[in-house]
Amino acid sequence: MARATETTGTLLPGTRRLLAVASLLVLAAGGQLFVLTDHTDRFFAWTIQTGLTAAALGAFYWASLALLVVALRAGSWADVRSVLPGVALFTTLTLVATILHVGLFHVHSAQAVTRLVTWAWILVYVVAPPAFAAAYAVQLRRAGAVPSRSMPMRPWFRASFGALGAALVGLGVGLFVAPDTLGAIWPWQLTTLTAQALGAWLVGIGAVLVGAVVEGDHLRAVPAAAAAVALAGLVIVAVARYSADVRWDRGQGEILLAVAIILGLGGGYVLTKAGFTRGYPRAT
């Protein structure tokens, strides 16, 4: 049955507001990290000594901005329901990392701006996990019927893109659970906190990719694909800016760039199939 003839659930006003607020927050965090990379001692919640780490975290925040903005633009629950679980996972893990390492945060900084951004960080990550979980639960109850797939993914793409998403989740879990072990072989130097922060992001983004593949429809995967393309481009820019921080001697840097390119190509394929530049979202 054609997508236009089916009953589809729309995003509830509360979910829209949550995504809109989250968009503003990740826009700001991305600016703190990707633009003010070398000034985290003043403009971020904790000091990040390695420039590439800060820039990479900023890349994830701005990639999630693409995810959230496109999800809002879609306006249909069927098109964005794979987004919220990944966001909830990321915010929950980030809250755990914050609690574990709160002594490293600028909660007692002598500078008012620094204290402000630090306490704002803590407040956001205390509120965000239950907020996203609640939004997901309410949407599931009130969203209405889910339409059949209008642009089904081919099995080869679902398998390969799903495997990439699962690999990112696995790597993220490993970084979070064993940050010192995996951090030692990471493409650049990480602390325990930054390893867990990156791990939280990898779990969140990977879960979003897996969710999009489970949906199996190119149109519903557009938010995830937009995030994948943005993340790939931003990571490549970050590596170019801080190439001196990368461990190139054992191939870690090359592997990182290869994964970024594959991620970007997969996301670009979805956007092309969905006709993203030709009027997405289409009428429902």
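Because the structure is predicted, anything quoted here is derived from the model rather than measured.

Asker: Describe in detail the nonpolar core, supporting the description with residues and values.
Answerer: Looking at soluble globular proteins, one finds that nonpolar side chains tend to be buried together. Judged by nonpolar contacts, the single largest core of 91 residues is most densely connected at Trp46, Tyr61, Trp121 and Leu198. Broken down by element, the residue count for this core peaks at 17 residues, all from helix 3 (residues 51–74). Once you skip the residues sitting within four places of it in the chain, tryptophan 121 turns out to touch Phe44, Ala45, Trp46, Tyr61, Thr94, Thr98 and Phe105.

Asker: If you had to explain the side chain of threonine 194 to someone new, which residues and values would you point to?
Answerer: Within the element layout of this structure, threonine 194 appears in helix 9 (residues 192–215). Judged by its relative accessible area of 4%, threonine 194 falls in the buried class. In this view, threonine 194 contacts Trp46, Ile48 and Thr53; residues no more than four positions away in its chain are not counted.

Asker: I'd like a description of the side chain of glutamine 139, backed by residues and values.
Answerer: The topology assignment puts glutamine 139 in helix 6 (residues 112–142). The contacts of glutamine 139, once residues within four sequence positions are left out, are Thr10, Leu11, Leu12, Thr15 and Trp77.

Asker: So what's going on with the environment of arginine 73? Which residues, and what values?
Answerer: Within the element layout of this structure, arginine 73 appears in helix 3. Residue classification places arginine 73 among the partly exposed positions, given a relative accessible area of 43%. Measuring from C-alpha to C-alpha, the distance between arginine 73 and glycine 58 comes to 23 Å, with 15 residues separating the pair along the chain.

Asker: Please give an account of the packing of aromatic side chains that cites residues and values.
Answerer: In this structure the tally under the stated criterion is 18 aromatic pairs. On the numbers, 5.7 Å between centres and 15° between planes, the contact of phenylalanine 60 with tryptophan 201 is stacked. Note that phenylalanine 60 is positioned in helix 3 and tryptophan 201 in helix 9, a separation of 141 residues in sequence. Here phenylalanine 60 and tryptophan 201 have matching classes, each one buried. Summarising the aromatic geometry, the rings of tyrosine 61 and tryptophan 201 are spaced 4.9 Å apart at their centres and angled 85° between planes, so their arrangement reads as edge-to-face. Of this pair, tyrosine 61 sits in helix 3 while tryptophan 201 sits in helix 9, and the two are 140 residues apart along the sequence. Of the residues examined, tryptophan 201 reaches a relative accessible area of 4% and is grouped as buried. Three or more aromatic residues joined by ring pairs make a cluster, and in this case those are Phe44, Trp46, Phe60, Tyr61, Phe90, Phe105, Trp121, Tyr125 and Trp201. When the ring centre of phenylalanine 34 is taken as origin, the NZ or CZ atom of arginine 241, which lies over that ring, is 5.2 Å away.

Basis of the calculations
- Note on numbering: residues in each chain are counted from 1, in written sequence order.
- Reporting of local features is limited, given that this is a predicted model, to residues whose pLDDT is at least 70; pairs of side-chain atoms are given and counted only at 80 or more, and all residues count toward the totals for whole chains, interfaces and linings.
- Processing note: side-chain calculations cover all non-hydrogen atoms of the structure and skip hydrogens and water entirely.
- In these notes, a set of buried Ala, Val, Leu, Ile, Met, Phe, Trp, Tyr and Cys residues joined through side-chain atoms within 4.5 Å is what counts as a nonpolar core.
- For every residue, the accessible area obtained with a 1.4 Å probe (protein chains only) is divided by the maximum for its type, and the residue is called buried under 20%, exposed over 50%, and partly exposed between those limits.
- Only DSSP runs of H or I with at least four residues qualify as helices, and only runs of E with at least two residues qualify as strands; both kinds are numbered from the N terminus onward.
- By the convention used here, residues are in contact when the closest approach between their heavy atoms is within 4.5 Å.
- Note on aromatic pairs: the rings of Phe, Tyr and Trp (six-membered ring only in Trp) are paired at centre separations within 6.5 Å, and the planes decide the class, stacked below 30 degrees, edge-to-face beyond 60, tilted for the rest.
- Charge over a ring is defined by NZ of Lys or CZ of Arg lying within 6 Å of the ring centre and within 35 degrees of the ring normal.

None of the figures reported here should be taken as evidence of function without further support.
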